[in-house]
Amino acid sequence: MSGDVVVLGVGMHPWGKWGRNFVEYGVHAARAALEDAGVGWRDVQFVSGAATMRCGYPGYVAGATFAQALGWQGAEVNTSYAACASGSQALAAARAKILSGQCEVALVVGADTTPKGFLAPAKGYRPEDPDWVRFHIGITNPTYFALYARRRMDLYGATEQDFAAVKVKNAAHGAENPNARYRKRYTADEVFASAMVADPLRLLHVCATSDGGAAVVISSTEYARRRTRTPVRIAAISTVTPRFASGEVEMPDIATDSAAATQAHSFRASIAAKAYEEAGLGPEDVSVAEVYDLASPMELDWCEYLGLSKPGEAEQLLRSGATRIGGRIPVNPSGGLACFGEAVPAQALAQVCELTWQLRGQAGTRQVEGARVGITANQGLFGHGSSVILRR
Amino acid sequence: MNDAKQAPAIEGWFTMDAAQPHLLGSRCTICGTYFFPRQSSFCRNPDCASTTFEDVELSRTGRIWSYTNACYEPPEPFVAPKPFAPFAIAAVELEREKMIVLGQVVAGVGVDELEVGMPMELVLETLCRDGDTDKLIWKWKPAGSAR
């Protein structure tokens, strides 16, 4: 397709709790992606950074921060912030620049250093801030994840065994990934032995926050033709907002939109629908998916939002073994957030890195055989979400 | 009853009616969309440019959309009596407002006693004690079985 851009190179800094400056992870990932692309830093015409809100001013202007660290060379620069979708928005900005003919090759980078412990809002009495209100009455992030998991149990017959099976599967995937933070294999019994956090979620279901970095080099198809004969193409990037009335129970809100005057819409399903429409592809074309398992049971919800199974049937898909590497439609071959922990501005780009390796056949022991089309999905606070489709 | 004074933990979000408390929301006078917390400057319905709202008391009964609990003490600004006691949380769907509202479940009711679809009603309970004042908050209380 003429509207495509090509992923020329990808690179990551391993996820962990390294405690170093986020710029180090970003530069490490950027250099790895440039080397993978066979593109020199001085040839990059556009630098697009995904911002972090936790690392001061350099984080707010991440694109320029990475460009300065790599050495100012006069490229144009952009920084995007969109919570968990920041990496995809930074990627979309770079793609738009290339498709409009304003540049040929761009570098997209996201990296984060996360603090220890709970992410909690500022103190005081601040009832105008929904984030303050929900913490004040004891509603934390796992509450929201658990509400969806419990609903699956009551409506669809999901079991604690199913939720443990997602964790066990993803841990087995991540054990093969050198960039993953947690590489231990788990048994279902070990999951059941971990403490209950928010029924039915246990400690081993809930993802941690991590340090990490990911970078992607993209170019026009013309530019790529001189460098690769087997290009991985970006077929779609969806960064849609919700449609009113959003029916999702979302952090940090205490109540959903009212659908009294209109109909309720599923935001998460609409993210993927836009990506499929843009790519001219459907769920039946997908060979591999990377989805946002903030808690293990949420992977089941995402299988349905992406159309990989019908609503209420994701447990059957899981139990059939289809979502394991070697199955019909492997989900989270990287190990997912369960094995990485969340490094917000890097996470959406890390998903693109994994799919690129999968579509090139370079994923080693994690390889999904014959992968041709991959899709990512994530979603974060304040109406942000993204889905990227790559094709070979 | 003890001798403590009572005050809302969050000012203006609910009535202090001990027997029949209501959450306080607003309603767009043009399209009829409800808002909680109260919205009074612009309507969020994309097909409505209204800037006029009326304050309304939300339905004080609904059905469980889903539920969970908090097994660990949440971080500040959560405030709770010591020692921490786990509590259940419910997301309750209000039929008239077509809106799901989260809240703690009354003390003594655990997740084993809840299920999706169960009718719930709004009550007030103490969230925390501040000096000689009980700070009250809305909570959901089972109001019969799901079927």
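Asks: I'm lost on the overall build of chain A in this one. Help?
Replies: What chain A contains, in helices and strands, is 14 helices and 12 strands. Taking 2.2 N^0.38 as the reference for a compact globule, 392 residues should give roughly 21 Å; the C-alpha atoms of chain A span a radius of gyration of 20 Å, in line with that estimate. In terms of its C-alpha atoms, chain A occupies a principal-axis envelope of roughly 55 × 50 × 45 Å. Pairs at least 24 apart in sequence give 75% of the contacts found in chain A among residues at least 6 apart.

Asks: I'm lost on the interface of chain A and chain B in this one. Help?
Replies: Size of an interface: often given as the accessible area lost when the parts come together. Opposite the 36 residues of chain A that make contact, chain B presents 39 residues. The set of elements that each furnish at least two residues to the side of chain A that touches chain B consists of helix H5 (130–136), helix H6 (141–156) and strand S5 (196–198) of chain A. It is H6(A) that provides the largest number of residues to the side of chain A that touches chain B, a total of 8 residues.

Asks: Even after reading the chapter, I still don't get the sheet that holds strand S4 (residues 53–57) of chain B, so can you show me in this structure?
Replies: All names here are of chain B. Ordered by their spatial adjacency, 3 strands build an open sheet running S3-S2-S4, and the pairing between neighbours is antiparallel. One side of each edge strand has no neighbouring strand; the edge strands of this open sheet are strand S3 (34–35) and S4. Two elements, strand S2 (residues 24–28) and S4, share 5 bridges in a ladder whose sense is antiparallel. Bridged to Cys 28 within S4 is Phe 53.

Asks: Mind showing me how you'd approach the nonpolar core here?
Replies: The tendency in soluble globular proteins is for nonpolar side chains to be buried as a group. Within the largest apolar cluster, 170 residues are counted, with the highest numbers of intra-cluster contacts made by A:Val216, A:Ile218 and A:Leu349. In this view, A:Leu349 contacts A:Ala50, A:Gly87, A:Leu91, A:Val108, A:Gly110, A:Ala214, A:Ala215 and A:Val216; residues no more than four positions away in its chain are not counted.

Asks: Please clarify how the confidence of the model for chain B should be interpreted in this entry.
Replies: In regions of low pLDDT, the predicted coordinates are not meant to be interpreted in detail. Residues with a pLDDT of 70 or more make up 96% of chain B, whose mean pLDDT is 93. Listed scores for the predicted complex are pTM 0.95 and ipTM 0.95.

Procedures and definitions
Residues numbered from 1 in each chain as written. Chains lettered and ligands numbered in written order. Predicted model: local features only at pLDDT ≥ 70, side-chain atom pairs only at ≥ 80, totals over all residues. Helix = DSSP H or I, 4+ residues; strand = E, 2+ residues; numbered from the N terminus. Rg over C-alpha atoms; globule rule 2.2 N^0.38 Å. Contact = placed C-beta atoms within 7 Å. Pairing = 2+ DSSP bridges. Core = buried A, V, L, I, M, F, W, Y, C linked by C-beta atoms within 7 Å. Buried ≥ 20, exposed ≤ 12 C-beta atoms within 10 Å, placed from the backbone. pLDDT = per-residue confidence, 0-100.

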